[in-house]
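So the chains spell out like this:
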Amino acid sequence: MSGDHSHNDSQIDSGSRYNDSHKHKDKYKDKEHKHKDHKKDKEREKSKYSNSEHRDSSEKKHRDKERPKLKDGSSDKQKDKNREKKKEERSLDGKPKKEKENGFGSPYIKSEPENDDFYHSPKHEKSLKRERDDDDAEFKPKKIKTEDIKSEKKAKKRKQEDEDIKPKKKTKDKKAEVATDGKKKAKKEPEEKWKWWEEERYTDGSKWRFLEHKGPVFAPPYEPLPNNVKFYYDGKHMKLSPDAEEVATFFSKMLDHEYTTKEIFRKNFFKDWRKEMTSEEKSKITDLNKCDFIEMSEYFKAQSEARKSMTKEDKLKIKAENERILQEYGFCVMDNHKERIANFRIEPPGLFRGRGDHPKMGMLKRRIRPEDVIINCSKDSKIPKPPPGTKWKEVRYDNKVTWLVSWTENIQGSIKYIMLNPSSRIKGEKDWQKYETARRLKKCVERIRAQYREDWKSKEMRIRQRAVALYFIDKLALRAGNEKEEGETADTVGCCSLRVEHLSLHQEMDGLEFVVEFDFLGKDSIRYYNKVPVEKRVFKNLQLFMEDKEPEDDLFDRLNTSILNKHLQELMDGLTAKVFRTYNASITLQQQLDEISNGEDTIPAKILSYNRANRAVAILCNHQRAPPKTFEKSMQNLQAKIDAKKEQLGEAKRELKSAKADAKVRRDEKSKKAVETKKKAVQRAEEQLMKLEVQATDREENKQIALGTSKLNYLDPRISVAWCKKYDVPIEKIYNKTQREKFAWAIDMAEKDFAF
DNA sequence: ATTGGCACTTAGTATCGGTGAA
DNA sequence: TTCACCGATACTAAGTGCCAAT
């Protein structure tokens, strides 16, 4: 990376990033009312000279302020952002459209798929082979994304498959664990895992040929409260109708949570609760503050206590039942392979809790019934049966999508899906492809950087904005920042949706020139706070973008994610804003590992190095977590252990010393041996102490940083696998079981010389 | 050109459950 | 054997990005 892109220096040790979030929230709360109008403002700007009669005058005042022309002489009037976007930028750098390649052309041609004939019905057998996308990254003539080629291939493939109905000879996949008693640990899982990454992929946009599953598991029906658990309104006992009671229990279960005290939450809840009441209840219950849920709350607490103190047998029984459900509903057959489903349970009803300051918190998330559910599977599969007496909303046979079940959720009106586990072929291929795209970016990132630096000087505002935004996305790993619908979600932003109020410019700060201070809420309302020295030209551009704007105006008023991504697409096939995050995360890991790994270290020290590299990425991507509730305590415990170990070490040393002295005098075998023993003890204690100290460092540094997200979503697993091989660290130290399943492809294929 | 719908990835947190220390 | 702790897993919200309709 060129010097300018050493992202993290400014972030890694800025302890100031993780400020008290409450303080922070308050700050945002204060601004809330301003944000409210923000979107409206935009609309108003579009139709600015008409139709403003219902706005209040103070708003209007700043809105309609005349905006001066740009310094650089371009004639854009800030306001008609939407016009202006002529297509003259088509041929930005004159480069022809980049070839398509997806990097799947790796030379693993061998294919001996194991086959679960255990699970699939013979009549459904199809070819196991899928055609490999032949656009190899390195040397193949690249395929252009055209339908012709695709359909040609499609035709070819179909033919092949038709001829190939008979399955290839299979290696038996002994699902031995089922057969023999599960007690034994010796049991390998399936002896051979299916190596989907050694097979061809579909090239026609279809996601599967065959899909069979059992449908979703519904939430258990509501069980009315026993009669002795009472609800009181205004001090008087009141028996609620079942529907109203159910919703009341949702609230009562949350009583200990802070958010049941929030006004919006209470308001939303009460409104939705009333909808579930009988008209009689509705007329009586008019004030939430007069509702007393305490008995219900106590009842549920007691229930959960009871659950905890169940007998071992009962617990085992429940466990067995869960296992049975998992076995029945937790898997599907997709293209001859049994695959694990990620979330086969339909979300139970409850009260919606969005993250951050969510306008819909407390609303009732309604119960999903079979009539709400769409099933997706193969026509020729065993179609899942709806529960007795019910019907599915629809059964469809769409192999262009990957989901098995979907329903529409009532809070945002968005669609929810049941899909496969990350270890599945369908997710794995996509994941692999993602990293290949990021690796392609590596090859042309310098060109792209040169380009956007050049664009900082453009005489067109929209191009400058695009170039500065891209610089942020690249340097700071910001998210793209799609527009969001006002009032539907918490007020959060990403790069393209940054507002003037989210950054402040400092000509000079802490001895550095041209510092930009970012402070905004990003995805999940996680605060992004960072002070970054930028190049002078960027700084000047930002001044220009912010000129004559109100705090709640868009920083990049001529840019959105769609424009940006269209541009990126022209720079590299498959390039979008999020690829920069993947790329920068992975390249940072690789660089950090190269830099700080030491072959001489002990395994724990190596792992600390790895975690530190991982941490650098997490910081870059701003992956935070609330410090665990037990953090202080667990830190103290660890410290106590360290102290004890030190004590023990001191003691061991003293003993060694006296043993030595003793041996010097006595000069016999026995005392010599004693010295050796003591030496060993000292050594062991030293090692243990070191290990503990390393652990403490690691934990301390991790206090509010979450490593999991980057590990799971941004770091090319092959980098980690290669590192493990190079430094002789067992892969289990880096990836737990789930992670090893997800990254099986990488573990199988990456050698120690893999370079991202 | 904008909008809304859709599909899919990315995200933090709540809860589970296995394990090692007491 | 019990219990506290902590990593693993479950859960579901909140993003991105693309496409087709307007």
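Keep in mind it's a predicted model, so treat the numbers as computed, not measured.

The rules behind the values
Residues numbered from 1 in each chain as written. Chains lettered and ligands numbered in written order. Predicted model: local features only at pLDDT ≥ 70, side-chain atom pairs only at ≥ 80, totals over all residues. Heavy atoms only, no water. Helix = DSSP H or I, 4+ residues; strand = E, 2+ residues; numbered from the N terminus. Buried < 20%, exposed > 50% of the residue type's maximum accessible area, 1.4 Å probe, protein only. Contact = heavy atoms within 4.5 Å. Areas by Shrake-Rupley, 256 points an atom, 1.4 Å probe, with all protein chains shown as cover. UniProt positions renumbered as here; feature names shortened; annotations may be inferred. Axes fitted to C-alpha atoms, helices over the stretch in contact; angles between N-to-C directions. Parallel < 35°, antiparallel > 145°, perpendicular 65-115°, else oblique. Nonpolar A, V, L, I, M, F, W, Y, C, P; charged D, E, K, R; others polar. Salt bridge = Lys/Arg side-chain N within 4 Å of Asp/Glu carboxyl O. Near = heavy atom within 4 Å. Polar contact = N/O pair within 3.5 Å; in protein donor to acceptor, adjacent residues only side chain to side chain. Core = buried A, V, L, I, M, F, W, Y, C linked by side-chain atoms within 4.5 Å. Domains from an automatic or database assignment. Pairing = 2+ DSSP bridges. Expected span 1.5 Å × (residues − 1).

Asks: Hey, could you run me through the overall build of chain A in this one?
Replies: Secondary structure summary: chain A contains 23 helices and 15 strands in total. Taking all 756 residues of chain A together, 47% fall into the buried category. Sequence separation of at least 24 residues holds for 72% of the intrachain contacts in chain A that already meet a minimum separation of 6. Surface accessibility of chain A: about 39900 Å² in total, with carbon and sulfur atoms responsible for 51%.

Asks: Just checking my understanding: could you explain the UniProt feature "active site" (unreviewed entry) in chain A for this structure?
Replies: As recorded in UniProt, the feature "active site" (unreviewed entry) lies at Tyr 714. Structurally, Tyr 714 is set in the loop between α20 (708–713) and α21 (717–726). Aside from chain neighbours lying at most four places away, what touches Tyr 714 is Tyr 435, Arg 581, Thr 582, Ala 585, Ser 586, His 623 and Thr 709.

Asks: Help me understand the packing of helix α17 (residues 603–620) against helix α19 (residues 669–701) in this model?
Replies: The packing of two helices is summarised by the inter-axis angle and the distance between the axes. Contact pair α17 / α19: the axes reach a minimum separation of 10 Å and the direction vectors enclose 5 degrees. In terms of axis orientation, α17 runs roughly parallel to α19. Along the contact surface, α17 presents Pro 604, Leu 608, Asn 611, Arg 612 and Arg 615, while α19 presents Lys 691, Val 694, Thr 697, Asp 698 and Glu 701. Broken down by class, the residue content of the contact of α17 with α19 amounts to three nonpolar, two polar and five charged.

Asks: Quick question: what am I supposed to make of the pattern of salt bridges here?
Replies: Two side chains carrying opposite charge are able to pair once their charged atoms lie near each other. Enumeration over the complete set of coordinates arrives at 45 salt bridges. For Lys 317, the salt bridge is made with Asp 314, and the minimal N-O distance between the two is 4.0 Å. Of this pair, Lys 317 and Asp 314 both sit in helix α11 (residues 312–329), three residues apart, roughly one helical turn. Note that Glu 488 and Lys 360 form a salt bridge whose closest N and O atoms lie 2.9 Å from each other. On the criterion of sequence distance, the pair formed by Glu 488 in the loop between α13 (461–476) and β13 (503–509) and Lys 360 in the loop between β7 (350–351) and β8 (364–365) is long-range, its members being 128 residues apart.

Asks: Would you take a moment to explain the protein's contact with DNA strand C for this structure?
Replies: Close to DNA strand C lie 30 residues; Arg 355, Lys 416, Gly 481, Lys 633 and Thr 738 are nearest. At the protein interface, 88% of the atoms of DNA strand C within 4 Å belong to sugar or phosphate. A distance of 3.1 Å separates a phosphate oxygen of DNA strand C from a polar side-chain atom of Lys 365. One of the side-chain nitrogen or oxygen atoms of Thr 492 is found 2.8 Å away from a phosphate oxygen of DNA strand C. Looking at the surface near DNA strand C, the elements with two or more residues in it are α16 (577–596) and α18 (631–666). Here the surface near DNA strand C is built from residues that sort into four nonpolar, twelve polar and 14 charged.

Asks: How should the side chain of Glu 501 be read in this particular structure?
Replies: Of note, Glu 501 is situated in the loop between α13 and β13. Among the polar contacts made by the side chain of Glu 501, one reaches the side chain of Arg 499 at a distance of 2.6 Å.

Asks: I keep staring at the UniProt feature "domain: DNA topoisomerase I eukaryotic-type" (unreviewed entry) in chain A and nothing clicks. Help me out?
Replies: Mapped onto the present numbering, the UniProt feature "domain: DNA topoisomerase I eukaryotic-type" (unreviewed entry) falls at residues 351–728. Secondary structure over residues 351–728 splits into 51% helix and 11% strand, and the C-alpha atoms at its two ends are 49 Å apart.

Asks: So what exactly am I meant to see when it comes to the nonpolar core here?
Replies: Across soluble globular proteins, nonpolar side chains have a tendency to be buried as a group. Leu 441, Phe 472, Phe 518 and Phe 556 are the most contacted members of the largest nonpolar core, which totals 82 residues. Counting residues domain by domain, this core receives three or more from each of domain 3 (427–575) and domain 4 (587–749). Counting residues in hydrophobic clusters, the runner-up holds 27 residues, among them Leu 225, Ala 244, Trp 273 and Cys 291.

Asks: Sorry if this is basic, but what is going on with the pairing of strand β14 (residues 512–521) here?
Replies: Remark: a regular strand shows side chains that alternate across the two faces of the sheet. Taking burial as the measure, the ten residues of β14 include eight buried ones, the bulk of the element. Pairing of β13 with β14 involves six bridges; the strand directions are antiparallel. Pairing of Glu 508 across the sheet is with Glu 513, part of β14. Counted between consecutive antiparallel strands, the loop separating β13 from β14 contains two residues, among which Asp 510 sits at a positive phi close to 50 degrees. Here β14 runs beside strand β15 (residues 527–533); their pairing, made up of seven bridges, is antiparallel. Its bridge partner being in β15, Phe 518 is matched across the sheet by Asn 530.

Asks: Explain α19 to me, please; I cannot follow it from the model alone.
Replies: Note that an α-helix has 3.6 residues per turn; residues three or four places apart therefore point the same way. The end-to-end C-alpha separation of α19 is 48 Å, in line with the 48 Å expected for 33 residues at 1.5 Å each. Within α19, burial applies to Ser 671, Val 675, Val 682, Ala 685, Leu 689, Leu 692, Val 694, Ala 696 and Asp 698. Its buried side turned inward, α19 meets α17 and α18.

Asks: What exactly am I supposed to notice about the sheet that holds strand β9 (residues 374–376) here?
Replies: Spatially, four strands are ordered β10-β9-β11-β12 in an open sheet, and the strand pairing comes out mixed. Here the strands that pair on one side only, and so sit at the sheet edges, are β10 (394–396) and β12 (415–418). Geometrically, the sheet is characterised by an average inter-axis angle of 20 degrees between neighbouring strands, direction not taken into account. In this structure, strand β11 (residues 405–408) lies alongside β12, joined through four bridges in antiparallel fashion. In the sheet register, Thr 408 faces β12, and the bridge partner there is Ile 415.

Asks: Is there a simple way to think about α18 in this case?
Replies: Taking 1.5 Å as the rise per residue, α18 with 36 residues should run 52 Å; its terminal C-alpha atoms sit 51 Å apart, in good agreement. Buried within α18 are the following residues: Phe 631, Met 635, Leu 638, Ile 642, Lys 645, Leu 649, Ala 652, Leu 656, Ala 659 and Ala 663. On its buried face, α18 is in contact with α19. Residue Arg 667 follows α18 closely and has a positive phi angle near 50 degrees.

Asks: When you look at unusual backbone geometry in this model, what are you seeing that I'm missing?
Replies: Negative phi values dominate among residues other than glycine, just as trans dominates among peptide bonds. For Asp 234, which is not a glycine, the phi torsion comes out positive at approximately 55 degrees. Relative to the helices and strands, Asp 234 resides in the loop between β2 (232–233) and β3 (236–237). Residue class for Asp 234 comes out partly exposed when judged on its relative accessible area of 43%. Unlike most non-glycine residues, Ser 525 shows phi in positive territory, near 60 degrees. By secondary structure assignment, the location of Ser 525 is in the loop between β14 and β15.

Asks: It is not clear to me how the environment of Arg 369 should be interpreted in this structure. Could you clarify?
Replies: Note that Arg 369 resides in the loop between β8 and β9. Here the alpha-carbon distance between Arg 369 and Lys 393, two residues 24 residues apart in the chain, equals 9.2 Å.

Asks: Can you help me understand the packing of helix α7 (residues 242–253) against helix α10 (residues 294–308) in this one?
Replies: Put simply, α7 and α10 touch, their axes get as near as 9 Å, and they point 70 degrees apart. If you check the angle between α7 and α10, you find them roughly perpendicular. Between α7 and α10, the residues in contact are Glu 245, Ala 248, Thr 249, Ser 252 and Lys 253 and Met 296, Ser 297 and Phe 300, respectively. Taken together, the residues that form the contact of α7 with α10 break down as three nonpolar, three polar and two charged.

Asks: Where do I start with the side chain of Arg 718 in this structure?
Replies: Mapping Arg 718 onto the fold places it in helix α21. Using a relative accessible area of 3% as the deciding quantity, one classes Arg 718 as buried. Among the polar contacts made by the side chain of Arg 718, one reaches the side chain of Asp 716 at a distance of 2.7 Å. Apart from residues no more than four positions distant in its own chain, Arg 718 is found in contact with Trp 432, Tyr 435, Glu 436, Arg 439, Trp 745, Ala 746, Met 749, Ala 750 and Phe 754.

Asks: How do you make sense of the sheet that holds β2 when you look at a structure like this?
Replies: Hydrogen bonds between backbone groups are what pair the strands of a sheet, and the pairing can be parallel or antiparallel. Reading across from one edge, β3-β2-β4 is the order of the three strands in this open sheet, with antiparallel pairing throughout. The sheet is open, and its two edges are formed by β3 and β4 (291–292), each paired on a single side. Two elements, β2 and β4, share two bridges in a ladder whose sense is antiparallel. Residue Tyr 233 lies in a different strand from β4, and its bridge partner there is Cys 291.

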